There are 2 protein chains.
Amino acid sequence: MIGSSAASGSVVGLDLGGTGINGARLSLHGEVLERVTIPTPVAEGPTAVVRAVVEAARSLTCPDTIGVGVCSAGLVDTGAGVVRRAGNLGLRDVPLARIVREAVGLPVTLEHDARAACLAEHRLGAGRGVGDLLLVALGAGLSAGVLTGGRLVPGSLGLGGEIGHAPVHPDGEGCPCGQRGCLEVYASAGGMVRRYRSAGGDPALSAADMAHAVDRDPLAGRIWTEGMEALGLGLRSAILLLDPGLVVLAGGLTGAGERLAAPVRTAVAGGLAWRRPPPITISTLGAEAGVHGAALVLLDSTGRR
Amino acid sequence: MIGSSAASGSVVGLDLGGTGINGARLSLHGEVLERVTIPTPVAEGPTAVVRAVVEAARSLTCPDTIGVGVCSAGLVDTGAGVVRRAGNLGLRDVPLARIVREAVGLPVTLEHDARAACLAEHRLGAGRGVGDLLLVALGAGLSAGVLTGGRLVPGSLGLGGEIGHAPVHPDGEGCPCGQRGCLEVYASAGGMVRRYRSAGGDPALSAADMAHAVDRDPLAGRIWTEGMEALGLGLRSAILLLDPGLVVLAGGLTGAGERLAAPVRTAVAGGLAWRRPPPITISTLGAEAGVHGAALVLLDSTGRR
């Protein structure tokens, strides 16, 4: 019944990633009321990707929906509502918030996917009660969401969290970005698969599979170990700078569970001899974090929380 | 005349560093009314260091003084008012705020020196109007002060900003902290002098002298260049994570001016090919930043600003 549902209201959260668009309509208390998952038509070009986001938003909104929160991979200018550059999505300078707003006639916010996930873990997941939180999203690329004093850190240009291109191995292997030794070359799911295949590994193996093959496939074992060590180096720099109370590992690779978390903890602790390392844990919201975080950003923007 | 001076009030700022204690009594508008600079008696042990801080505080307070803001090198727990560990000062778990408070009978705050300097540059110096600010203090050691959204980031344990031990060269040269390849091994004044002397350089040369000797002393040139490149690596990681609107270089090494700033800018820009690097500038408050910042922290704590 529209009447009573309008009294409570709903919000749509959309998470735009390189492989799929995850969407849900949520109650204002965060219960999932309806879900949509569609592949991201990256191969069909940016217009098709934007159209798919608009369709997902339209299909989920209903009369009681108060707004749509979108989060996206790539370089996201939250204030302007623009995806500045998202290589895995083929987007560049797309005013996604305005486009979706005009299509659905509702308030729309845009946030970076790792920042949205960080907010969701802080409010609803592994980071509840932790005001200084670092979330690292391991997927096709690698980026971070930072919360200090309970507030997200977008940075001066909305580019905060792009540690995938932090130089963990100066003069190391080349990165598609044009630089050398970037963290995501070694530690993202995409980077590990590229390194494994180019060294002659089984082309059918995904990065998540590699985590389970480390004992029987020495090449997978080496690439996985080097990835975890690189992640340890990147995390050490971030931990020393920010002193987070908790580090949450998120994104596609977290299906590996302790095969991911345990070696990362070891790599971090081994390089923070003079201070206690923060706890490092796996996201509890998993693939849902982006959708919930995007919806929370929209709710915060309307003053409803 | 005490009467009229009491009406306006004053605040004492003290900056405790490895070589000296810099102190001043300031008007509530930040004018310096009186100054004290004394050597830090590190060789005489922690009791003597604490006594020197207390004496400096006593000598500067007058009847209209509303409180004493102290900032210190080392690991500083701002909330607890405790210097957890300061190798260059020989201090460990010293409740400095309480000790000074009991000695002078006034409110006392304790802050990390780089965070205090960052706040001062934000309010009074090179970073005015910049809410996302990164300050790097280059002295005997190397640490950072971080401001996001206009607020200092102390971190969950008060250990934020300790990027001197970020691993810029994994498996690099040993650091007194027990790890390898730490940023401050290469880029702090103390680290550059150690590297220069152990390679046979002129024992009379300071790090600041090295900056001016790079053209006639090839060893000084190499050590200086490697230091600036290491600082570029450390800054790239920090810039990617936080996206500051400005980077301020502070501390003893900044006397080198453009001989410091120019190569750091080059090293940073060379490794941020896909994004615009933030401006990098030299502190305008120089050696005064800590004193002003310590006083500002005290004023903020009393609600007077």
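The name an unreviewed UniProt entry gives chain A is Glucokinase, with Blastococcus aurantiacus as the organism. The UniProt entry for chain A carries the following comment under Sequence similarities (unreviewed entry): "Belongs to the ROK (NagC/XylR) family."

Turning our attention to helix H3 (residues 96-104) of chain A. Residue and element names in this part refer to chain A. When H3 is considered as a whole, its buried residues turn out to be Leu96, Ala97, Val100 and Val104. Viewed along the axis of H3, the buried residues span an arc of 100°, placing them on a single side of the element. Positive backbone phi, approximately 65°, marks Gly105, located one or two places after H3.

Let us look at the relation of the copies chain A and chain B. Overlaying chain A with chain B gives an RMSD of 0.0 Å, the required rotation being 180° about an axis along which the chain moves by 0.0 Å. As the rotation angle and translation indicate, the two copies are arranged about a two-fold axis. Interface residue correspondence from chain A to chain B reaches 100%, placing this contact among same-surface, isologous pairings.

Right, let's get into the side chain of B:Arg115. All names here are of chain B. Assignment of secondary structure puts Arg115 in helix H4 (residues 113-124). Residue class for Arg115 comes out buried when judged on its relative accessible area of 1%. In this structure, Arg115 is in contact with Val76, Thr78, Gly145, Leu152, Val153, Pro154, Gly158, Leu159 and Gly160, ignoring residues within four places of it in sequence.

At the interface, 44 residues of chain A touch 44 residues of chain B. In this assembly, chain A and chain B are joined by 0 salt bridges. Remark: the boundary between chain A and chain B carries 25 residue pairs in polar contact (both at pLDDT 80 or more). Where the side of chain A that touches chain B is concerned, the elements lending two or more residues are strand S10 (142-148) and helix H8 (218-242) of chain A. It is H8(A) that provides the largest number of residues to the side of chain A that touches chain B, a total of 7 residues. Classifying every residue of the side of chain A that touches chain B gives 23 nonpolar, 13 polar and 8 charged.

Residue and element names in this part refer to chain A. Entries for chain A in the domain assignment read domain 1 (2-116 + 287-301) and domain 2 (129-284). Listed by partner, the interface residues are 10 residues for domain 1 and 15 residues for domain 2. For domain 1, the biggest contributors to the area lost against domain 2 are Leu75, Ala114 and Arg115; these three give 57% of the whole. On inspection of domain 1 and its partner domain 2, the count reaches 0 salt bridges. Inspection of the domain 1/domain 2 interface yields 3 residue pairs in polar contact (both at pLDDT 80 or more). At the level of secondary structure, the elements contributing two or more residues to the side of domain 1 that touches domain 2 comprise strand S5 (75-77), strand S8 (108-112) and helix H4 (113-124). When the residues that make up the side of domain 1 that touches domain 2 are grouped by side-chain class, the tally is 3 nonpolar, 3 polar and 4 charged.

Turning our eyes to something else, we now look at the nonpolar core. Core analysis: the largest hydrophobic core is formed by 108 residues, its most contacted members being A:Leu241, A:Leu249, B:Leu241 and B:Leu249. Those residues in contact with A:Leu241 that sit more than four places away from it in its chain are B:Leu134, B:Ala144, B:Val146, B:Gly160, B:Gly161, B:Ile163, B:Ala238, B:Leu241 and B:Leu242.

The next subject is the sheet that holds strand S11 (residues 151-152) of chain A. Residue and element names in this part refer to chain A. Here 5 strands make up an open sheet; going across it, the order is S11-S10-S9-S12-S13 and the pairing mixed. Each of the sheet's edge strands pairs with one partner strand only, and the pair in question is S11 and strand S13 (280-282). Of the strands in this sheet, strand S9 (133-138), S10, S11 and strand S12 (246-250) are in contact with H4, which crosses S10 at around 45°.

Here we take up unusual backbone geometry. Residues and elements named next belong to chain B. Here the phi dihedral of Asp93 falls at roughly 50°; this positive angle occurs in a residue that is not glycine. With respect to the helices and strands, Asp93 occurs in strand S7 (residues 91-94). A residue is classified by how much of its surface remains accessible, and Asp93, at 46% relative accessible area, is partly exposed. One non-glycine residue with positive phi stands out, namely Asp171, at about 65°. With respect to the helices and strands, Asp171 occurs in the loop between strand S11 (151-152) and helix H5 (183-187). With a relative accessible area of 73%, Asp171 lands in the exposed category.

Time to look at the pattern of salt bridges. Evaluated as defined, the whole model comprises 26 salt bridges over all chains. Its salt-bridge partner being B:Arg84, residue B:Asp77 comes within 3.0 Å of it at the nearest N-O pair. For B:Asp77, a relative accessible area of 17% gives the class buried. When salt bridges that share partners are traced, they join A:Glu173, A:Arg195, A:Arg222 and A:Glu226 into one network.

The subject of this paragraph is the packing of H4(B) against helix H10 (residues 289-301) of chain B. Each packed pair of helices is defined by two parameters, the angle between the axes and the distance between the axes. Residues and elements named next belong to chain B. Relative orientation of the contacting elements H4 and H10 amounts to 85°, with a least axis distance of 7 Å. By the angle between their directions, the pair H4 and H10 is classed as roughly perpendicular. Across the interface between the two elements, Ala116, Ala117, Leu119, Ala120, Glu121, Arg123 and Leu124 from H4 touch Ala289, Gly290, His292, Gly293, Ala294, Leu296, Val297 and Asp300 from H10. Across the contact of H4 with H10, the residue classes tally to 9 nonpolar, 3 polar and 3 charged.

All names here are of chain B. The pairing of strand S6 (residues 82-86) with S7 spans 3 bridges and is antiparallel. Paired with Arg85 across the two strands is Arg92, which belongs to S7. In this antiparallel pair of consecutive strands, S6 and S7, the connection spans 4 residues, and Gly90 shows a positive phi of 70°.

All names here are of chain B. Compared with an ideal rise of 1.5 Å per residue, which puts 13 residues at 18 Å, H10 spans 18 Å between its outermost C-alpha atoms and is within 8% of the ideal. Buried residues of H10: Ala289, Gly290, Val291, His292, Gly293, Ala294, Ala295, Leu296, Val297, Leu298 and Leu299, and no others. Residues of H10 that are buried in the fold lie against strand S1 (10-16), strand S2 (20-27), strand S3 (32-39), strand S4 (65-72), strand S8 (108-112) and H4. Taken from the residues just after H10, Gly303 is the one with a positive phi, measuring 80°.

Reading the values: the criteria
- Residues numbered from 1 in each chain as written.
- Chains lettered and ligands numbered in written order.
- Predicted model: local features only at pLDDT ≥ 70, side-chain atom pairs only at ≥ 80, totals over all residues.
- Heavy atoms only, no water.
- UniProt positions renumbered as here; feature names shortened; annotations may be inferred.
- Buried < 20%, exposed > 50% of the residue type's maximum accessible area, 1.4 Å probe, protein only.
- Helix = DSSP H or I, 4+ residues; strand = E, 2+ residues; numbered from the N terminus.
- Arc of directions from axis to C-beta.
- Least-squares fit on C-alpha atoms with pLDDT ≥ 70 in both.
- Contact = heavy atoms within 4.5 Å.
- Salt bridge = Lys/Arg side-chain N within 4 Å of Asp/Glu carboxyl O.
- Polar contact = N/O pair within 3.5 Å; in protein donor to acceptor, adjacent residues only side chain to side chain.
- Nonpolar A, V, L, I, M, F, W, Y, C, P; charged D, E, K, R; others polar.
- Domains from an automatic or database assignment.
- Buried area = accessible area lost by both parts, 1.4 Å probe.
- Core = buried A, V, L, I, M, F, W, Y, C linked by side-chain atoms within 4.5 Å.
- Pairing = 2+ DSSP bridges.
- Axes fitted to C-alpha atoms, helices over the stretch in contact; angles between N-to-C directions.
- Parallel < 35°, antiparallel > 145°, perpendicular 65-115°, else oblique.
- Expected span 1.5 Å × (residues − 1).

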